[in-house]
Amino acid sequence: AAGGQPASKDEILRAADVVTLHLRLAAQTRGFLGQRELALMKPSAILINTGRGALVERAALLEALGEGRICAGLDVFHDEPLKPGDPLLALPNVVLSPHNAGQTPEVIRDGLVRAVENVENFLAGRPSDVVVAPVR
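Residues numbered from 1 in each chain as written. Predicted model: local features only at pLDDT ≥ 70, side-chain atom pairs only at ≥ 80, totals over all residues. Heavy atoms only, no water.

Undergrad: Describe the confidence of the model for the protein, naming the residues involved and giving the relevant values.
TA: On average, residues of the protein score 89 in pLDDT, and 93% of them are at 70 or above. Element-level mean pLDDT values for the protein span from 84 in helix α4 (residues 105-124) up to 98 in helix α2 (residues 35-40). (pLDDT = per-residue confidence, 0-100. Helix = DSSP H or I, 4+ residues; strand = E, 2+ residues; numbered from the N terminus.)

Next comes the structure, spelled out in structure tokens:
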């Protein structure tokens, strides 16, 4: 109804101006974008990764960015936090944030409320959505 059409990952990568990743890291998603996939992207494309660093193969990402083939906005990295001297820090076509894209005031507030509710439930002997197991 909105005019969308099914497309393969390759078709999306070739056509998209912006590719944004919001995947969980699992065996099936590790290296979701590698050298082949990044080469399919338009030279003007922007890759945004707020999922997990390992969704994109690091060497392929550094190569694509270093050659100026794409731009990127990264909130997640293979190793966090980034160390001084990391090649990503020197690239002019990448914007980096310290893995806090989801840290809105609402998320922080709701997380704190949920933590207090879980403690109250635990102390009252009620079920909780968090399981605490003693260390043995």
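Undergrad: Explain a nonpolar patch on the surface residue by residue, including any values.
TA: Taken together, the side chains of V119, F122 and L123 define a hydrophobic patch exposed on the protein surface, amounting to about 360 Å² of accessible area. Its place among the elements puts F122 in helix α4. Look at F122 and you get exposed, because its relative accessible area is 59%. (Patch = residues over 30% accessible without salt bridge, like charges linked within 9 Å, V, L, I, M, F, W, Y side chains within 5 Å. Areas by Shrake-Rupley, 256 points an atom, 1.4 Å probe, with all protein chains shown as cover. Salt bridge = Lys/Arg side-chain N within 4 Å of Asp/Glu carboxyl O. Buried < 20%, exposed > 50% of the residue type's maximum accessible area, 1.4 Å probe, protein only.)

Undergrad: I'd like a rundown of empty space enclosed by the protein, residues and numbers included.
TA: One simple way to see leftover space: roll a probe sized like a water molecule over the atoms. What the rule picks out here adds up to one cavity of 30 Å³ or more. Of the voids in this model, the largest cavity is the one considered here, and its volume is about 70 Å³. In terms of lining residues, the largest cavity is bounded by N49, G53, R58, L61, L62, L74, V76, F77, H78 and L88. For the lining of the largest cavity, the element with the most residues is helix α3 (residues 58-66), which contributes three residues. A breakdown of the residues in the lining of the largest cavity according to their chemical character gives six nonpolar, three polar and one charged. (1 Å grid on protein atoms, 1.4 Å probe; cavity = no way out; pocket = protein on both sides within 12 Å on 5 of 7 lines; lining within 4 Å. Points joined across faces, edges and corners; volume = space filled by probe spheres on them. Nonpolar A, V, L, I, M, F, W, Y, C, P; charged D, E, K, R; others polar.)

Undergrad: Any details on the pairing of strand β3 (residues 71-74)? Residues and values, ideally.
TA: With four bridges connecting them, strand β2 (residues 46-49) and β3 associate as parallel partners. Considered in β3, the bridge of I48 is made with G73. Following the chain from β2 across α3 to the adjacent parallel β3, one finds a crossover that is right-handed. Note that β3 and strand β4 (residues 94-96) share three bridges and pair parallel. In the strand pairing of β4, L74 is matched with L96. (Pairing = 2+ DSSP bridges. Right-handed = clockwise from strand over helix to strand, strands pointing away.)

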